[in-house]
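Here is how the chains run, residue by residue.
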Amino acid sequence: KQGEVTEILTGEDGAVRAVRTVTGATYEVRAAIVATGTYLGGRTIVGEVSRDSGPDGMAASLPLTGCLKQLGLSLRRFKTGTPPRVNRRSVDFSKMELQEGDTEVEPFSFSTEKAPENRAVCYLTYTNERTHAVIRRNLDRSPLYDGTIEGVGPRYCPSIETKIVGFPDKPRHQLFVEPMGLNTEELYIQGFSSSLPEQVQVEMLHTIPGLEHAEMTRAAYAIEYD
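Notes on the structure in this doc start here.

Rules of the game
Sequence order sets the numbering: in each chain, residues are counted from 1 along the sequence as written. The predicted nature of this model means local features are confined to residues of pLDDT at least 70 and side-chain atom pairs, given and counted, to a pLDDT of 80 or more, with totals for whole chains, interfaces and linings taken over all residues. Calculated side-chain values reflect all of the structure's heavy atoms, with hydrogen atoms and water omitted. Here, the term nonpolar core denotes a set of buried Ala, Val, Leu, Ile, Met, Phe, Trp, Tyr and Cys residues that are joined through side-chain atoms within 4.5 Å. To sort residues, take the accessible area from a 1.4 Å probe on protein chains only and compare it with the maximum for the residue type: under 20% means buried, over 50% means exposed, and anything in between is partly exposed. Counting from the N terminus, the helices are the DSSP runs of H or I reaching at least four residues and the strands are the DSSP runs of E reaching at least two. Every residue pair with non-hydrogen atoms within 4.5 Å of one another is taken to be in contact. Lines are fitted to the C-alpha atoms to define the axes, a helix being fitted only along its stretch in contact, and any angle between axes, read from their N-to-C directions, falls within 0 to 180 degrees. By definition in this entry, angles of less than 35 degrees are roughly parallel, angles greater than 145 are roughly antiparallel, angles of 65 to 115 are roughly perpendicular, and the rest are oblique. We call a crossing left-handed when the near helix sits turned anticlockwise from the far one by less than a right angle, and right-handed when that turn is clockwise.

Things to note about the nonpolar core
Soluble globular proteins tend to bury their nonpolar side chains together.
Thought 1: With 21 residues, the main nonpolar core has V86, I189, F192, M204, L205 and L211 as its most contacted residues.
Thought 2: Among the secondary structure elements, those contributing two or more residues to this core are helix 2 (129-137), helix 3 (160-166), strand 10 (174-179), strand 11 (186-190) and helix 4 (198-205).
Thought 3: Leaving out residues up to four positions away in the same chain, M204 has contacts with T131, V134, I135, I160, F192, S194 and L196.
Thought 4: Within the second largest apolar cluster, six residues are counted, among which are V19, L40, L64 and C67.

Okay, here's the thing in structure tokens:
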């Protein structure tokens, strides 16, 4: 079954008995595994624009937060960020360093019978002082620094704004240009997570070698979630 679960129902003994969806359908269960990712109470932020949303415009899971609180579970608010996506046909790869994949591919699972072919390649480029100047000039518009974002961020994927503020002595930061898949023209600018306004993101992108004329297909955004 597919559907948005809005309630987890328990018996008098407190054990989980059923789940109920947004359309009112109820399913008896012996257990419920809650795997919400960044959707639970999801809110995306791009500059001054904040809205209830899951990743990439997907629907957020909102009512389930209240149900979990009623069940006595403690929740914390976190935030993370994503980088912009750009159109491959607008990128100049001659100004970037080729990053080929492993020649011998090691599968993630022991149950893999035939190792996949490594047909995708990435490219490496860097920010520079022009990039950093654009960011510094627009820090007052960053939701990270104007109080809009309240959640605690993970330590492993800081935004580019955080890198510039936290490491002012660094003249550049590396960015990996990664394909979103074999059957799409979209590229993922790894290391360039941001929540700055969309037009500021475009200005930032166009300071980077190889991305001077990049067409942004999806803006970077921050997301807060329970």
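Points about the side chain of T6
Thought 1: Relative to the assigned elements, T6 resides in strand 1 (residues 5-10).
Thought 2: The class of T6 is buried, set by a relative accessible area of 10%.
Thought 3: Ignoring any residue separated from it by four or fewer positions in sequence, one finds T6 in contact with R20, T21, V22, P63, L64 and C67.

Considering the packing of helix 2 against helix 4
Thought 1: Following both chains from N to C, one finds helix 2 and helix 4 inclined at 160 degrees, their axes separated by 9 Å at the closest point. One way to sum up the angle between helix 2 and helix 4 is to call them roughly antiparallel. The way helix 2 lies across helix 4 gives a crossing that is right-handed. Here helix 2 contributes T131, V134, I135 and R137 to the contact with helix 4, which in turn contributes V200, E203 and M204.

With respect to the side chain of T131
Thought 1: Summarising the element assignment, T131 is placed in helix 2.
Thought 2: Take T131: its relative accessible area is 0%, and that puts it in the buried class.
Thought 3: Each residue touching T131, except ones within four places of it in the same chain, is listed here: F192, M204, T207 and I208.

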